[in-house]
Amino acid sequence: MNSAPKLRLGVNIDHVATLRNARGGAVPDPLRAAQMALAAGADGITAHLREDRRHINDDDMRRLKASIDAPLNFEMAATEQMLDIALKTRPHACCLVPEKRTERTTEGGLDVVGGEQHLLPFVNELSRAGIRVSLFIEPSFEALAAAVAIRAPVVELHTGAWCNAAALGQDEAAAEFARLRAAATEAARLGLECHAGHGLDYQTARIIAALPELVELNIGHFLIGEAIFVGLEASVRSMRAAMDEGRHA
Ligand code: PXP
């Protein structure tokens, strides 16, 4: 029996905004989705304000901060413009992510190794404002050491490579999972709070929830997709159940 504490679920509502933006206008409203996800058992809300505003926009961030009664995790690129918005928004947490205009989604972890000089002022300024800073990184020991060097208190391990391999039934899934397991153990040894996310579904969330060092999972695309068929409340409840099951297996 795993005696690790309850694993937090952060629901990423970006793709509610993607759907809204497909037509312009105001519906479906990401704020309504956030409130529904929280009522269904999410512990926090995650939203990524991209440079190109392809889904979440500035007003969404402002409304989320003003209206939800739970931690808001603001995903952002390490740019001056985003820093300025984050400092005005004052979310509970900021997760620094790499961003490329041409990518469909966040394809890999931050270039934290070698990028320390660029990232350090962002970690410092956000931390000074009382915002908990997380770095979205590949599950590698080098990236973890670099996160410690710039005094980031939290890392989020990119689970995309594992989820992609697992979905295709590829042999490399076991190797990818071993990387995640080793990185979670090392993060805890280094005193980092450890989160994970990207590409998770019920099955992969259930498996990864068993890693006792993990404190939070951030999950979006799958939950919003499932919501089309079963409703958002039901998809969040099923995810919560899968995570609890995995944690206590
Ligand atoms: N965590 C981070 C840092 C992300 O950038 C994303 C995608 O925006 C997620 C978690 C959620 O990934 P997915 O939408 O694939 O569940």
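See the structure above.
The following refers to the structure shown. (Residues numbered from 1 in each chain as written. Predicted model: local features only at pLDDT ≥ 70, side-chain atom pairs only at ≥ 80, totals over all residues. Heavy atoms only, no water.)

In this section: the overall build of the protein chain. When helices and strands are tallied, the protein chain shows 11 helices and eight strands. A compact globule built from 249 residues should have a C-alpha radius of gyration of about 18 Å, and the protein chain, at 17 Å, falls within 12% of that. Its C-alpha atoms give the protein chain principal-axis dimensions of about 45 × 45 × 35 Å. Sorting the 249 residues of the protein chain into buried and exposed places 50% on the buried side. Long-range contacts, defined as pairs at least 24 residues apart, comprise 67% of the intrachain contacts of the protein chain with a sequence gap of at least 6. (Helix = DSSP H or I, 4+ residues; strand = E, 2+ residues; numbered from the N terminus. Rg over C-alpha atoms; globule rule 2.2 N^0.38 Å. Buried < 20%, exposed > 50% of the residue type's maximum accessible area, 1.4 Å probe, protein only. Contact = heavy atoms within 4.5 Å.)

Right, let's talk about the site of the ligand for a bit. Around the ligand sit 13 residues, and of these Glu-75, Glu-156, Gly-199, Gly-220 and His-221 come closest. Glu-75 places a polar side-chain atom, nitrogen or oxygen, 3.1 Å from an oxygen atom of the ligand. A distance of 2.8 Å separates an oxygen atom of the ligand from a polar atom in the backbone of Gly-199. Contact with the protein chains removes 94% of the 390 Å² of surface that the ligand exposes when unbound. By residue class, the composition of the shell around the ligand is three nonpolar, seven polar and three charged. (Near = heavy atom within 4 Å. Polar contact = N/O pair within 3.5 Å; in protein donor to acceptor, adjacent residues only side chain to side chain. Areas by Shrake-Rupley, 256 points an atom, 1.4 Å probe, with all protein chains shown as cover. Nonpolar A, V, L, I, M, F, W, Y, C, P; charged D, E, K, R; others polar.)

Counted by the stated rule, this structure contains 18 salt bridges. The salt bridge partner of Arg-54 is Asp-52, with a shortest N-O separation of 3.1 Å. Arg-54 gets classed as partly exposed once you look at its relative accessible area, which sits at 24%. With a shortest N-O distance of 3.8 Å, Asp-59 and Arg-63 are connected by a salt bridge. Note that Asp-59 and Arg-63 are positioned in helix H3 (residues 58-67) at a spacing of four residues, about one turn of the helix. Residue Asp-59 is classed as partly exposed on the basis of its relative accessible area of 38%. (Salt bridge = Lys/Arg side-chain N within 4 Å of Asp/Glu carboxyl O.)

What follows is about the environment of Ala-173. Of note, Ala-173 is situated in helix H8 (residues 172-189). Taking the relative accessible area as the measure of exposure, Ala-173 reaches 12% and is therefore buried. The spatial distance from the C-alpha of Ala-173 to the C-alpha of Val-27 is 38 Å, given a sequence separation of 146 residues. Not counting residues up to four positions away in its chain, the partners in contact with Ala-173 are Trp-162, Ala-165 and Ala-166.

On to the side chain of Arg-247. Of note, Arg-247 is situated in helix H11 (residues 232-248). Among the polar contacts made by the side chain of Arg-247, one reaches the main-chain carbonyl oxygen of Ala-209 at a distance of 3.0 Å.

Attention now moves to the nonpolar core. The biggest cluster of nonpolar side chains holds 76 residues, and the ones touching the most others in it are Leu-96, Leu-135, Ile-208 and Leu-217. The dominant element in this core, judged by the number of residues it contributes, is H8, at six residues. In this view, Leu-135 contacts Leu-96, Leu-110, Val-112, Val-123, Ala-147, Ile-150, Ala-152, Val-154, Val-155 and Glu-156; residues no more than four positions away in its chain are not counted. (Core = buried A, V, L, I, M, F, W, Y, C linked by side-chain atoms within 4.5 Å.)

Right, let's get into the environment of Pro-212. Counting through the fold element by element, Pro-212 comes out in the loop between helix H9 (202-208) and strand S8 (214-219). The class of Pro-212 is partly exposed, set by a relative accessible area of 43%. Residues Pro-212 and Ala-188, 24 residues apart in the sequence, show an inter-C-alpha distance of 9.7 Å.

A full pass over the atoms with the stated rule returns two aromatic pairs. Taking 5.0 Å as the distance between ring centres and 50° as the angle between the ring planes, the aromatic pair formed by Trp-162 and Phe-177 counts as tilted. Separated by 15 residues along the polypeptide, Trp-162 in helix H7 (residues 160-167) and Phe-177 in helix H8 bring together distant segments of the chain. Here Trp-162 falls in the buried class, since its relative accessible area comes to 4%. Here the aromatic rings of Tyr-202 and Phe-222 are separated by 4.8 Å at their centres, their planes lie at 85°, and the arrangement is edge-to-face. Taken together, the residues span a long stretch of sequence, with Tyr-202 in helix H9 and Phe-222 in helix H10 (residues 221-230) at a distance of 20 residues. Accessibility expressed as a relative area gives 25% for Phe-222, which makes it partly exposed. (Phe/Tyr/Trp six-rings, centres within 6.5 Å; stacked < 30°, edge-to-face > 60°.)

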